[in-house]
Amino acid sequence: MSDMISDTATQDGLAGESPTNHLALAIELKNINKSFGAVRANKNVNLPVVAGTIHGIVGENGAGKSTLMSILYGFYEADRGEVFIAGNKVRIDSSKAAIKAGIGMVHQHFMLVDTFTVLENIMLGAESSPLISNSAIEATSILEHLADNYGLHVRLSAITGTLPVGEQQRVEILKALYRRARILILDEPTGVLTPSETDQLFEVLKALKNEGVTILLITHKLREIMAITDCVSVMRHGEMIAHRKTSETSKEELAELMVGRKVFDSLNRPAEKIGPASVVVENLTVLSSQNVPLVDNISFQVRAGEIVGIAGVSGNGQSELLDVLNGIRPVDQGRIVINGREITPDHPFDPAEARTLKIAHVPEDRHRMGLVTKFDARESIILGYQRLTRYNPGMLLDQQVVNDECNRLMALFDVRPHQPEIKSANMSGGNQQKLILAREIDKAPTELFVGQPTRGVDIGAIEFIHEQLLDLRDTGCAILMVSVELDEIMQLSDRIIVMFEGRIVADMAREEADIKTLGLMMANAHDTTDADHGAQATSSAGES
Amino acid sequence: MEDTFLFVVLTLDAMLRVATPLILCAMAGLFSERSGIVDISLEGKMLVAAFTSATVAALTGSPWLALFAGVSMATMMSLIHGFACITHNGNQVVSGVAINIIASGLTAVLGNAWFHRGGQTPSLPSEARFMPIELPFAEAAGSIPIIGTIYKEMISGHNGLVYVAIAMVLITWWVIYRTRFGLRLRAVGENPQAVDTAGISVAWLRYRAVLICGLLTGIAGTYLAIAQNASFVRDMTAGQGYIALAALIFGKWKPWHALGACLMFGLLDAVAIRMQGVSVQLIGEMPVQLIQTMPYILTVVLLAGFIGKAIAPKAIGIPYVKER
Amino acid sequence: MNDTVKPLPRWIDVGLIPIINVSIALLVSGLVILAVGENPIEATKVMITGAFGYDEGVGYTLYYATNFVFTGLAVAIAFHAGLFNIGGEGQAYIGGLGVGLAMLLLDASMPAVLLVPIAILSAALFGGLYAAVPAYLQAYRGSHIVITTIMFNFIASAIMVYLMVNVLINPGQQSPESREFSDAAQLPFMHEIFGWFGVTIAHSPLNLSIVWALICCVLVWVFIWRTKWGYEIRTVGFNETAASYAGIKPARVIMLSMCISGGLAGFVGLNEILGVQHRLLLNFTAGYGFTGIAVSLMGRNHPFGIVLASVLFGALYQGGAELAFEIPTITREMVVAIQGFVILFSGALAYMITPWMTWLYNRLSRSAVTPVEAEG
């Protein structure tokens with residue numbers, strides 16, 4: 001059923017009649033291709049955007065949305081493809097060219113100088129005179145005008161870094177408008193906003209649209225797409241999957257299109273022996289350096305012999321949760337109990353202690369954390385366990401022991417090429433991941449925390465890794481798995497938790513879950529969670 | 001009483017003379033570091049300029065040609081630094097160390113090869129140098145008590161380049177805080193990505209900062225060789241480039257603060273020279289080395305956060321590479 | 001698959017490119033010699049003969065190399081932890097002070113068997129502690145180690161001048177030097193050692209320190225690549241995030257690596273004070289600390305490479321002295337300039353030619369038709 005939907009979508013969306021082709025196009029992208037090394041971030045992407053509309057682009061993490069927008073804004077240059085602005089073919093090879101073509105962009109991470117005043121940030125690069133004072137006079141009058149027209153009020157003399165994020169975002173929008181942008185790209189604009197700030201932003205966007213500005217809204221939140229856009233395009237795995245008029249589609253359809261449906265056979269053997277809770281998390285809160293909650297008052301348990309899968313779009317607190325559970329980040333509020341050891345803000349623990357508690361950790365990002373790319377395989381195989389006495393019988397690291405260990409684990413986990421002296425960087429993603437899993441699972445942990453177990457891993461290795469995780473579970477290990485791949489969550493988990501903006505929005509047995517509902521929950525478009533979300537968000541905004 | 005007053009005035013007069021190359025170098029460093037390029041090679045650039053200007057003055061007899069040559073060579077060294085750090089994303093500290101060492105070796109080798117005086121350049125006649133300028137009425141005013149003495153001994157009678165250095169602080173402040181270029185320069189040292197996405201070339205902006213840095217170190221070196229002294233002597237900068245760097249940090253990368261630090265360090269030096277062998281009541285003989293080392297000690301203490309906090313430009317020392 | 005760029009093989013990356021970089025540096029130095037009106041080839045011949053052509057020259061070459069091994073290792077060990085220690089000069093100076101103080105205090109009351117280990121210990125202790133202060137400020141107060149170590153060079157120099165002029169000067173003497181140590185507080189020269197075995201070699205300042213330098217090379221290699229501490233240092237240097245994942249505390253690693261680095265630099269004092277001068281004096285470090293930067297960059301932070309680079313720089317120093325004697329137009333400072341060029345091309349511009357080499361390598365290997373598919 002769902003396969004059919006996505007197939008027909010592909011056809012009528014791309015090859016057939018575009019729902020928008022009879023109207024004036026503000027932007028038209030044709031056959032955009034972009035690769036980073038071996039990764040094809042954009043594959044033959046086509047995108048028509050009607051002038052004066054709000055056009056949404058949705059897709060999962062890594063679907064290629066941000067790359068596409070960076071190409072449109074001249075941050076990267078496409079390998080192949082054409083860009084038309086208002087019907088004219090243009091070459092956008094720099095941000096300067098994009099600005100000249102009337103494009104403005106509000107980046108997910110703001111491009112602002114924290115120590116500057118708002119006015120200075122807005123003028124930067126678009127000063128009308130060689131003297132700041134003259135430019136400031138002109139800019140001030142233009143900005144007052146813009147502020148009145150669109151409700152974009154910010155105190156121009158305020159130091160930007162001290163403003164709340166919502167206002168900083170307004171500065172970014174003003175920056176674009178001050179440069180006379182007729183096309184405005186917003187990359188995940190609501191990720192950092194409170195609900196009321198989001199409402200204000202949408203008012204501004206509507207006002208802009210009424211003035212004829214074309215808006216491209218990149219998001220993974222389907223509710224917002226439904227609320228504000230006129231048209232929506234869906235990307236998946238670097239390809240443009242479908243174009244829809246918002247009025248003619250539904251959250252459910254979009255979720256299906258976004259997530260897709262891979263063929264998977266139910267590999268999972270249900271858990272046979274579930275033991276007592278071995279990881280208990282109670283009211284855990286983790287704060288950012290600006291005291292914004294990244295993990296927001298969550299509670300859950302993982303029992304011995306089960307796999308709990310945490311689903312969610314990345315950036316919703318899962319990474320921070322993993323870091324805290326492994327002692328890399330401190331607990332800010334609440335408590336964790338693992339193997340009887342209580343971890344609170346007053347009783348912190350660190351990764352070294354975590355290992356002595358028989359906690360194993362397969363991190364989300366193997367290049368940044370899981371191994372040292374410049375190390376040999378045999379050096380990476382002892383990362384985190386470098387002080388074990390069996391590797392250090394005397395003063396020295398015993399090369400023979402380490403080498404044998406590496407050989408043994410490479411054989412056990414079928415790591416190829418089977419060469420302990422190979423540089424970690426020269427192994428494929430799947431083999432790197434198998435090396436890390438081998439290192440962690442071999443210590444017979446009682447808890448395993450694993451992030452994105454199969455990200456960037458080839459198909460053959462995926463199956464192998466999944467088998468290993470299930471085997472480990474059957475030995476009685478408690479496994480917490482974070483993954484953005486819904487298939488993986490469905491395949492391996494005994495219980496499923498969905499995280500959104502640092503909170504748990506659902507906690508259910510796998511039998512109760514289906515991929516469509518999960519997709520909606522991840523995008524915070526699931527009806528039953530709406531009220532809950534609103535209430536919680538408002539209360540947390542009130543506290544801060 | 002009279003004597004003490006004259007002693008103070010003359011010490012302040014010496015302070016200005018000693019502080020001049022520091023001020024010029026600190027402003028030079030300010031441009032570079034505010035744009036995000038660490039510059040520990042102020043010392044080397046100043047040395048190259050000192051050597052070049054002394055050489056050209058000796059050969060042509062023209063201080064102006066000497067100034068031009070000194071500035072040109074210092075700017076050349078700056079461009080090498082820029083080429084390594086901006087174009088090739090090299091390690092900025094390593095590049096700076098290289099330039100300092102090259103400067104020290106090359107000036108000695110060339111000086112010896114050309115003039116055969118053990119690295120020294122020929123002594124310059126006063127026409128080939130920048131000489132002190134008597135300000136109007138200095139002689140006449142000298143007879144007026146206090147104010148006249150200050151005017152004659154401290155304010156008047158300096159080298160033109162001393163006044164240039166003071167003016168340079170005002171100009172630096174004005175350029176950095178009042179012009180479009182200054183705005184962009186400050187921005188690129190804090191957040192180069194913001195500058196890039198605003199449609200401005202990060203590399204070109206940083207190259208310009210580095211060029212200005214070369215220009216100012218060039219003036220500083222020329223001052224040392226053909227204004228304060230009458231020839232080039234091997235390693236004549238003697239760590240002043242590093243003191244200027246310390247003053248820049250001590251002045252928290254701000255022009256007026258840095259001027260204050262330069263004057264303070266200059267005063268310490270002037271006092272150290274005058275106090276040599278002098279016994280002070282209660283304390284006894286002050287170790288000159290302690291006074292001379294104060295700039296370094298104070299800077300370390302400041303950096304350690306024990307007195308205030310010196311916050312460097314956020315993007316300093318990090319080569320700008322687009323993500324991925 | 002045609003348009004993918006193949007990465008450079010290891011032998012080009014760690015073998016050929018460093019050699020090309022050093023060659024560029026030497027080529028530029030040749031141009032300088034040309035600029036002062038001399039023949040670079042002639043100059044090279046004089047230098048090589050001066051450095052290796054006769055016993056005494058070889059002795060001097062190795063004596064200089066001894067210092068460079070110490071300072072080169074010092075820079076390298078800090079580099080492995082991702083730190084840039086420019087303070088080798090000051091640490092060497094203070095290390096020498098440690099040796100001098102210990103000897104002045106004990107040389108009358110102890111035999112050489114005890115004095116030499118004490119000298120080694122005090123060189124390491126003084127140098128190491130002097131490096132520990134900037135290390136502490138970096139690890140726990142966040143002040144940048146490059147700036148603090150520069151400042152500490154000047155502070156070391158001032159401390160030495162003060163102590164030598166006011167405290168340690170031999171009474172009744174003009175130049176600021178201490179009294180000479182007793183015979184027990186001197187390392188034997190190599191020509192003396194060879195003499196014990198009836199072998200006559202030319203007199204030179206080369207002394208037993210070179211053996212300690214080579215021992216240090218082995219110890220550093222073992223420490224960096226064969227112990228858990230070295231493993232943790234390298235982990236922090238490569239990837240601080242992975243280090244914290246692995247339960248390693250970066251602050252501790254900074255302290256450890258800098259103390260060892262300073263201790264190694266301090267051994268310059270062993271060679272100079274205990275081995276050659278036999279008394280404490282000013283300016284015995286003569287810029288060797290800075291040469292260590294060039295040596296370490298050129299030797300790719302590996303003890304073996306550092307030994308080779310040290311011998312090269314020892315030869316440059318000794319050959320340079322000879323050159324200044326034979327061709328008075330070129331002074332000894334030529335060596336300093338060459339050192340600077342090596343730091344520039346092997347350090348700051350180390351990757352300048354990599355894109356060219358990649359292009360060349362891909363072109364050559366493509367035309368050679370290699371149908372091997374590299375697949376992970």
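Residues numbered from 1 in each chain as written. Chains lettered and ligands numbered in written order. Predicted model: local features only at pLDDT ≥ 70, side-chain atom pairs only at ≥ 80, totals over all residues. Heavy atoms only, no water.

## Considering a nonpolar patch on the surface
Part 1: A surface patch of nonpolar side chains, amounting to about 480 Å² of accessible area, comprises Phe194, Trp196, Phe197 and Val199 of chain C.
Part 2: Mapped onto the fold, Val199 of chain C is located in the loop between helix 7 (190-196) and helix 8 (209-226). (Patch = residues over 30% accessible without salt bridge, like charges linked within 9 Å, V, L, I, M, F, W, Y side chains within 5 Å. Areas by Shrake-Rupley, 256 points an atom, 1.4 Å probe, with all protein chains shown as cover. Salt bridge = Lys/Arg side-chain N within 4 Å of Asp/Glu carboxyl O. Helix = DSSP H or I, 4+ residues; strand = E, 2+ residues; numbered from the N terminus.)

## Details of the sheet that holds strand 15 (residues 341-343) of chain A
Sheet strands line up and pair through hydrogen bonds in the backbone, either parallel or antiparallel.
All names here are of chain A.
Part 1: Read across the open sheet, the four strands follow the order 12-11-14-15; overall the sheet is antiparallel. Of all strands in the sheet, those with a lone pairing partner are strand 12 (293-303) and strand 15, marking the two edges. On average, each strand axis in the sheet is inclined to that of its neighbour by 15°, with strand direction left out of account.
Part 2: As judged from the five bridges shared by strand 11 (residues 277-287) and strand 14 (residues 333-338), these two strands associate in the antiparallel manner. Note that in strand 14 the partner of Val281 across the bridge is Ile336.
Part 3: Contacts between helix 10 (residues 318-325) and the sheet are confined to strand 11, strand 12 and strand 14, with strand 11 contributing the most and set at about 120° to the helix. (Pairing = 2+ DSSP bridges. Axes fitted to C-alpha atoms, helices over the stretch in contact; angles between N-to-C directions. Contact = heavy atoms within 4.5 Å.)

## Some remarks on the pattern of salt bridges
Part 1: In total, this model carries 39 salt bridges over all chains according to the counting rule given.
Part 2: The salt bridge involving Glu232 of chain C is made with Arg387 of chain A; its shortest N-O contact spans 2.7 Å. Of the two residues, Glu232 of chain C sits in helix 9 (residues 228-238) while Arg387 of chain A sits in the loop between helix 13 (377-380) and helix 14 (399-412), which places them in two different chains.
Part 3: The salt bridge involving Asp414 of chain A is made with Arg416 of chain A; its shortest N-O contact spans 2.8 Å.
Part 4: A residue is classified by how much of its surface remains accessible, and Asp414 of chain A, at 29% relative accessible area, is partly exposed.
Part 5: Accessibility expressed as a relative area gives 52% for Arg416 of chain A, which makes it exposed.
Part 6: Counted as one network, the salt bridges with shared partners bring together Lys221, Asp296, Glu501 and Arg503 of chain A. (Buried < 20%, exposed > 50% of the residue type's maximum accessible area, 1.4 Å probe, protein only.)

## Quick notes on the domain arrangement of chain A
All names here are of chain A.
Part 1: Taken domain by domain, chain A comprises domain 1 (1-102 + 218-260) and domain 2 (276-350 + 487-544).
Part 2: Taken together, the contact between domain 1 and domain 2 spans 10 residues of the former and 15 residues of the latter.
Part 3: Carbon and sulfur atoms supply 59% of the area buried between domain 1 and domain 2, which totals about 1,100 Å² over both sides.
Part 4: Ranking the residues of domain 1 by area buried against domain 2 places Asn61, His220 and Arg223 at the top, with a combined share of 41%.
Part 5: Linking domain 1 with domain 2 are one salt bridge, by the criterion used here.
Part 6: Ionic pairing is found between Lys221 and Glu501, a salt bridge with its closest N-O pair at 2.9 Å. (Domains from an automatic or database assignment. Buried area = accessible area lost by both parts, 1.4 Å probe.)

## Observations regarding the packing of helix 1 (residues 10-35) of chain C against helix 15 (residues 354-367) of chain C
Residue and element names in this part refer to chain C.
Part 1: The N-to-C vectors of helix 1 and helix 15 enclose an angle of 120°; their axes lie 11 Å apart at closest approach. When the axis of helix 1 is compared with that of helix 15, the two are oblique. Pair helix 1 / helix 15 crosses with right-handed handedness. On helix 15, the residues touching Ile12, Leu16, Ile17 and Ile20 of helix 1 are Thr354, Met357 and Tyr361.
Part 2: In terms of residue class, the contact of helix 1 with helix 15 is built from six nonpolar, one polar and no charged. (Parallel < 35°, antiparallel > 145°, perpendicular 65-115°, else oblique. Left-handed = near helix turned anticlockwise from the far one by under 90°. Nonpolar A, V, L, I, M, F, W, Y, C, P; charged D, E, K, R; others polar.)

## Here's the deal with the interface of chain C and chain A
Part 1: Opposite the 22 residues of chain C that make contact, chain A presents 30 residues.
Part 2: Ranking the residues of chain C by area buried against chain A places Lys228, Tyr231 and Tyr245 of chain C at the top, with a combined share of 36%.
Part 3: In this structure, the connection of chain C to chain A is made through three salt bridges.
Part 4: Of the charged contacts, one joins Arg234 of chain C and Glu379 of chain A as a salt bridge, the two residues approaching to 2.7 Å between their closest N and O atoms.
Part 5: Inspection of the region where chain C meets chain A yields 15 residue pairs in polar contact (both at pLDDT 80 or more).
Part 6: For the side of chain C that touches chain A, the elements supplying multiple residues, two or more each, are helix 8, helix 9 and helix 10 (240-245) of chain C.
Part 7: It is helix 9 of chain C that provides the largest number of residues to the side of chain C that touches chain A, a total of seven residues.
Part 8: Of the residues belonging to the side of chain C that touches chain A, the class tally is nine nonpolar, seven polar and six charged. (Polar contact = N/O pair within 3.5 Å; in protein donor to acceptor, adjacent residues only side chain to side chain.)

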